[in-house]
Amino acid sequence: MIVTITMNPSIDISYPLGEFKVDTVNRCDIARKTAGGKGLNVSRVLHQLDDPVTATALLGGALGEFIKENLAATGISFAFSKIAEETRNCVAILHDGKQTEILESGPIVSEAELVAFHQDLDTLLREATVLSISGSLPKGAPTDYYNQLLDMAKAKNIPVVLDTSGASLLAAVQHANQPYLIKPNAEEVASLLGIPEITNLTDLKISLQSELFRDIPVIVVSLGSDGAFVKADDKFYKVDIPKIEVKNPVGSGDSTVAGLVSGIYHKQPLTDYLKKAMVLGMLNAQEATTGHVNLANYDTFYRQIKVTEV
Ligand code: ADP
């Protein structure tokens, strides 16, 4: 089976408002509240694909219970670890065609809670063939915490798909036991290399030839509506996707990760799973709900995706 990890999940609350008025009362008729966090989005899409997935996360308090119930209702199998502090809320105010977000940094996790999570995960990984780690670390976890999980997976010969950013991504790519696949965007590649920005594919290719990325087998740089640019061993590929109508691209990166993880789980060739990942990202972008895809359009999009060695 596939195991997903979300170390800092949230309840995602969205308030659709026609207009957002500052320094006064705004009333909202429909507030949508869902179990959020990148790894949980990945789990939802894997579940829709009928792939066997178990979601793990650190959960605390009544809001943690809400996430449990929300996932249980979808039929996704889960093995959550309990923490003392309350799981966070993340609020998105949708107004005037814009999105204003308020993100709580979330609970502080104790060392004992991290040890307990580690032990739970160790047991769970006996059944796993792929490990998917997504999102930020909670306060209390060291920056290089994911390296411990990479070591655990390596000892069991389980490939890891890591989708994170900042210091924890840098620590993982510099670690002896590196992830099998990472999915940064161009901004994150620039940040890893300490350069201001990467503005074109020529520069992106040069950037991915850096020593820093030498031993990571697959790097998928997702480019939103421009598809993706990929380094796999010593080869480079541009993945082109068709133009589509977009409703809400939030969670498209997580859906893409689900496709990559699914492809690795099914031992598909690289080209096939890159197409799968792109289609899932696109299908998510066409839905209002984050981490949801309408698979009815899968084959039509799949046929239009081109993977070219460059
Ligand atoms: P992230 O949110 O992690 O930066 P991206 O925005 O690159 O991820 O989206 C991941 C994938 O989802 C893209 O590679 C593409 O397949 C699809 N996607 C995202 N936004 C769009 C869009 N506007 N039009 C078409 N496809 C999109």
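Before reading further, recall that the structure is shown in the block above.
Rules used in this analysis
Residues numbered from 1 in each chain as written. Predicted model: local features only at pLDDT ≥ 70, side-chain atom pairs only at ≥ 80, totals over all residues. Heavy atoms only, no water. Near = heavy atom within 4 Å. Polar contact = N/O pair within 3.5 Å; in protein donor to acceptor, adjacent residues only side chain to side chain. Areas by Shrake-Rupley, 256 points an atom, 1.4 Å probe, with all protein chains shown as cover. Helix = DSSP H or I, 4+ residues; strand = E, 2+ residues; numbered from the N terminus. Nonpolar A, V, L, I, M, F, W, Y, C, P; charged D, E, K, R; others polar. Salt bridge = Lys/Arg side-chain N within 4 Å of Asp/Glu carboxyl O. Buried < 20%, exposed > 50% of the residue type's maximum accessible area, 1.4 Å probe, protein only. Contact = heavy atoms within 4.5 Å. Core = buried A, V, L, I, M, F, W, Y, C linked by side-chain atoms within 4.5 Å. Expected span 1.5 Å × (residues − 1). Arc of directions from axis to C-beta. Pairing = 2+ DSSP bridges. Axes fitted to C-alpha atoms, helices over the stretch in contact; angles between N-to-C directions.

Asker: Describe the site of the ligand, and please don't skip the residues or the numbers.
Answerer: Around the ligand lies a shell of 16 residues, among which Lys183, Ser222, Gly224, Gly227 and Thr256 are the nearest. A distance of 3.0 Å separates an oxygen atom of the ligand from a polar atom in the backbone of Gly227. For the ligand, whose unbound accessible area comes to 550 Å², protein coverage reaches 81%. Listed by contribution, the elements that provide at least two residues to the shell around the ligand are helix H8 (252–265) and helix H9 (270–285). For the shell around the ligand, a count of residues per class yields six nonpolar, nine polar and one charged.

Asker: Explain the pattern of salt bridges to me, using residue names and the numbers behind them.
Answerer: Per the stated rule, a full pass over the model turns up seven salt bridges. Lys156 serves as the salt-bridge partner of Asp122, at 2.7 Å between the closest nitrogen and oxygen. Residue Asp122 is located in helix H3 (residues 111–124), and its partner Lys156 is located in the loop between helix H4 (145–155) and strand S10 (160–163); the two are separated by 34 residues in the primary sequence. For Asp122, a relative accessible area of 27% corresponds to the partly exposed category. Here Lys156 falls in the partly exposed class, since its relative accessible area comes to 29%. Put simply, Lys238 and Asp240 hold a salt bridge, and the shortest N to O gap is 2.6 Å. The class of Lys238 is buried, set by a relative accessible area of 11%.

Asker: Could you give an account of the side chain of Asp163, with specific residues and numbers?
Answerer: By the secondary structure assignment, Asp163 is in strand S10. Here Asp163 falls in the buried class, since its relative accessible area comes to 5%. Excluding anything up to four places from it in sequence, Asp163 contacts Lys38, Ile133, Ser134, Gly135, Lys183, Asp254 and Val257.

Asker: Mind laying out the nonpolar core, listing which residues take part and the relevant values?
Answerer: Side chains of a nonpolar character, in soluble globular proteins, are inclined to be buried together. Judged by nonpolar contacts, the single largest core of 43 residues is most densely connected at Met7, Leu131, Tyr145, Leu208 and Phe213. Element by element, the count of residues in this core is highest for H4, at six residues. Leave out the neighbours within four places in its chain, and Phe213 touches Ile182, Val189, Leu192, Leu193, Ser207, Leu208, Ile219 and Lys231. Of all hydrophobic cores here, the second largest spans 35 residues; its members include Leu46, Ala228, Ala232 and Leu280.

Asker: Give me the lowdown on helix H2 (residues 61–74), citing residues and values where you can.
Answerer: Between its terminal C-alpha atoms H2 stretches 21 Å, which fits the 20 Å expected from 14 residues at 1.5 Å a residue. What H2 keeps buried is the set Gly64, Ile67, Asn70 and Leu71. Down the axis of H2, the sector holding all buried residues measures 120°, keeping them to one side. Looking at H2, the residues exposed on the side facing more than 90 degrees away from the buried face are Ala62, Glu69 and Ala73. Those residues of H2 hidden inside the fold are in contact with strand S2 (10–16), strand S3 (32–36), helix H1 (38–48), strand S4 (53–59) and strand S5 (77–78).

Asker: Outline the sheet that holds strand S8 (residues 98–103), supporting the account with residue identities and numerical values.
Answerer: With respect to topology, four strands assemble into an open sheet ordered S3-S2-S7-S8, the strand pairing being mixed. On the outer flanks of this sheet lie S3 and S8, each paired with one strand and no other. Averaged over all adjacent pairs, the angle separating strand axes in this sheet is 20°, with direction ignored. Along the sheet, H2 makes contact with S2, S3 and strand S7 (88–95), crossing S3 at roughly 85°.

Asker: Residue-level account of the side chain of Ser81, with values.
Answerer: Inspection of the secondary structure assignment puts Ser81 in strand S6 (residues 81–82). At a separation of 2.9 Å, a polar atom in the side chain of Ser81 contacts the side chain of Asp120. The contact partners of Ser81, leaving out residues within four places of it in the chain, are Ala57, Leu58, Leu59, Phe117 and Asp120.

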